[in-house]
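Here's the letter readout for the chains.
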Amino acid sequence: MGKNISVSTDFLSGGGHVKVQASAPATIRFSPHDEGDGEWSRVWWHFSVEGINPGEEIRLELDKGGGVSPQVFFSYDQKVWGLTDEGETETIEGKEFFVYKHTVKASRVWFAYDLPYTSEHIDTLLTPLIKKDKFAEVLTLCSSRKNRPNTGFRLNPSQRNLSPKYGIWLQARAHAFESGASWVLHELAKWLVSGEAEAVALRNNALITVVPIVDIDGVSEGRTGKYQKPHDHWMKWGDEPSYWPEVDKIKSGIRELAQKDMADLFIDFHGPGGKSHPYFILPFESELPFVKQRNNRAKFFSCLKAKPLDEQARQRQSMTQIHYSERPWDNTILDSSHEWVTAKANEHSLAFTIEVNMNTPLSTQDGYRSEAITLGKAISTYFVDGYHEK
Ligand SMILES: [Zn+2]
């Protein structure tokens, strides 16, 4: 019974250190992939287990000390995913673990820190959909440092006689473990090419660039990505040229838009968000360098009905009430993506990092879709109804 249990991370986005601790009861002990810079650099893991008897309960013992998701995802085919029950902290041999228990229903099962999203999702689910739209383009943004193609999309107005007034740049996954960020952008891209009236109206006014996975190497290799050496894909955007070919291409794409006075909206999608609402990370309004940026931010937040992320808001969860969290900003450093865009693009540019809320019971594909559509509709209202001041 259960004598031939094996584990593997040898597949796209498989990661972490995993071993079979015992076969009766079936026990897997594991730790996340570690970029070597503290808690938030030790988050991602994704592995398969084979040789369990269907109906048997498996124990998953996560070595604490990094990011811990209260519930984790399981799948029997890497397509349909479900959430396990919440795990619990246990001290084993003097060491703290977070232990999940799950009754398996097939002899092979995959587990992951959060709902996986890889280049396969782009290639099989998104690219075919975008290709159906004759006004949209599939782009290869660049080759990564490890020669992986980075696929992005450009959406154009769906009527030939319209030239776009606004430029919108949407990207996700500067931090590889933040798979929920790609899911929200994936669902937003699907909504943008849908026939929904608000999506069509937005597209007829805007040139929209979508990059679903910035750190394609980190994601493919099953790494955490955040705080990797020499720096991660969200930080040090002020460095010229960037260490990362993706970041260089993104910066030149935004510069091109800015030269046409069309760097209107930039959103960098991140997780983890914790057990909370989605929220933007941004500089204090008074620290924004341009008056138009302050006015536009206020008008965009009003379209979105966004609220400050205060202590009361942190106690609740949703996928559709977007919040914002203002942080001090040293504008001499130009460190993170949204800070660089705010300072270097146009006087009217809106630039945000958003924390999509991973790790909640609502953080499923449906939940990520509802978050995406909330954002899409607000972006449409903001531009189409003329709130954006150039
Ligand atoms: Zn992040």
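Residues numbered from 1 in each chain as written. Predicted model: local features only at pLDDT ≥ 70, side-chain atom pairs only at ≥ 80, totals over all residues. Heavy atoms only, no water.

1. Here's the deal with the overall build of the protein chain
- Helix and strand content of the protein chain: nine helices and 19 strands.
- For the protein chain, the C-alpha radius of gyration of 21 Å lies close to 21 Å, the compact-globule estimate for 390 residues.
- Overall size of the protein chain, expressed as C-alpha extent along the three principal axes, is 70 × 45 × 40 Å.
- Expressed as a percentage of its 390 residues, the buried residues of the protein chain come to 58%. (Helix = DSSP H or I, 4+ residues; strand = E, 2+ residues; numbered from the N terminus. Rg over C-alpha atoms; globule rule 2.2 N^0.38 Å. Buried < 20%, exposed > 50% of the residue type's maximum accessible area, 1.4 Å probe, protein only.)

2. Focus on the coordination of the zinc ion
- At this site the zinc ion is bound by His175 (ND1), Glu178 (OE), Glu178 (OE) and His270 (ND1), with donor distances of 2.0 to 2.3 Å.
- Around the zinc ion sit four donor atoms; with metal-centred angles ranging over 56 to 141 degrees, the donor geometry is irregular.
- Expressed as a motif, the donor residue spacing for the zinc ion is H-x2-E-x91-H. Placement of histidine 175 in the loop between strand 13 (166–172) and helix 2 (179–192) and of histidine 270 in strand 15 (residues 265–270) is noted, with a sequence separation of 95 residues between them. In this structure, histidine 175 and histidine 270 share a single accessibility class: buried. (Donors = N, O, S within 2.8 Å, 3.2 Å for Na, K, Ca; no water. Tetrahedral: all angles 85-135°; square planar, octahedral: opposite > 155°, others 65-115°.)

3. A few points about the sheet that holds strand 19 (residues 350–355)
- Read across the sheet, nine strands follow the order 11-12-14-13-15-19-16-18-17 without closing on themselves; strand pairing throughout is mixed. Either end of the sheet is taken by a strand with one partner, and the two such strands are strand 11 (136–143) and strand 17 (307–308).
- Helix 2 contacts strand 12 (149–155), strand 13, strand 14 (206–211) and strand 15 of the sheet and is inclined by roughly 145 degrees relative to strand 13. (Pairing = 2+ DSSP bridges. Contact = heavy atoms within 4.5 Å. Axes fitted to C-alpha atoms, helices over the stretch in contact; angles between N-to-C directions.)

4. Topic: the pairing of strand 9 (residues 95–103)
- Direction of pairing for strand 5 (residues 57–63) relative to strand 9: antiparallel, over a ladder of seven bridges. From the neighbouring strand, glutamate 61 faces strand 9, where its bridge partner is valine 99.
- As paired strands, strand 8 (residues 88–92) and strand 9 are joined by five bridges and run antiparallel to one another. Residue glutamate 88 lies in a different strand from strand 9, and its bridge partner there is valine 99.
- Between strand 8 and strand 9, which pair antiparallel one after the other, the connecting turn spans two residues, and glutamate 93 there sits at a positive phi close to 50 degrees.

5. A closer look at the pattern of salt bridges
- Considering all chains together, one arrives at 23 salt bridges under this definition.
- Note that glutamate 90 is salt-bridged to arginine 59, the shortest N-O span being 3.2 Å. Taken together, the residues span a long stretch of sequence, with glutamate 90 in strand 8 and arginine 59 in strand 5 at a distance of 31 residues.
- On the accessibility criterion, arginine 59 (15% relative accessible area) is buried.
- A salt bridge links arginine 148 to aspartate 217; the shortest N-O distance between them is 2.7 Å. Of the two residues, arginine 148 is situated in the loop between strand 11 and strand 12 and aspartate 217 in helix 4 (residues 216–220); the sequence distance between them amounts to 69 residues.
- We classify aspartate 217 as buried; its relative accessible area is 4%.
- One salt-bridge network, in which partners are shared between bridges, spans Glu35, Lys146, Arg148, Asp217, Glu221 and Arg223. (Salt bridge = Lys/Arg side-chain N within 4 Å of Asp/Glu carboxyl O.)

6. Notes on helix 8 (residues 337–344)
- Counting buried positions along helix 8 gives six out of eight residues, so the element sits mostly inside the fold.
- Buried within helix 8 are the following residues: Ser337, His338, Glu339, Trp340, Val341 and Thr342.
- Against helix 5 (245–259), strand 15, strand 16 (279–283), helix 6 (291–304) and strand 19 lie the buried residues of helix 8.

7. Let's talk about the domain arrangement of the protein chain
- When its domains are assigned, the protein chain resolves into domain 1 (6–112) and domain 2 (119–384).
- A straight line from the C-alpha centre of domain 1 to that of domain 2 covers 30 Å.
- Contact with domain 1, which involves 21 residues of that partner, is made by 22 residues of domain 2.
- Together, the buried faces of domain 1 and domain 2 total about 1700 Å²; carbon and sulfur atoms form 57% of this surface.
- The largest per-residue losses of area from domain 1 upon contact with domain 2 belong to Glu35, Trp40 and Trp44, which jointly make up 37% of the total buried on that side.
- Linking domain 1 to domain 2 there are one salt bridge.
- The tally of links from domain 1 across to domain 2 stands at seven residue pairs in polar contact (both at pLDDT 80 or more). (Domains from an automatic or database assignment. Buried area = accessible area lost by both parts, 1.4 Å probe. Polar contact = N/O pair within 3.5 Å; in protein donor to acceptor, adjacent residues only side chain to side chain.)

8. A few points about the sheet that holds strand 8
- The strand order across the open sheet built from five strands is 2-3-5-9-8, with neighbouring strands paired in mixed fashion. Only two strands of the sheet have a single neighbouring strand rather than two, namely strand 2 (17–23) and strand 8. Each neighbouring strand pair of the sheet contributes to a mean axis angle of 30 degrees, computed without reference to strand direction.

9. Topic: the nonpolar core
- Membership of the largest hydrophobic core comes to 83 residues, with the highest contact counts inside it found for Phe111, Leu170, Phe269 and Phe280.
- Counting only domains with at least three residues in this core, you end up with domain 1 (6–112) and domain 2 (119–384).
- Those residues in contact with leucine 170 that sit more than four places away from it in its chain are Leu185, Leu188, Leu192, Ile208, Thr209, Val210, Val211, Ile267 and Phe269.
- Residues Ile250, Ala263, Val341 and Ala345 belong to the second largest nonpolar core, which totals 20 residues. (Core = buried A, V, L, I, M, F, W, Y, C linked by side-chain atoms within 4.5 Å.)

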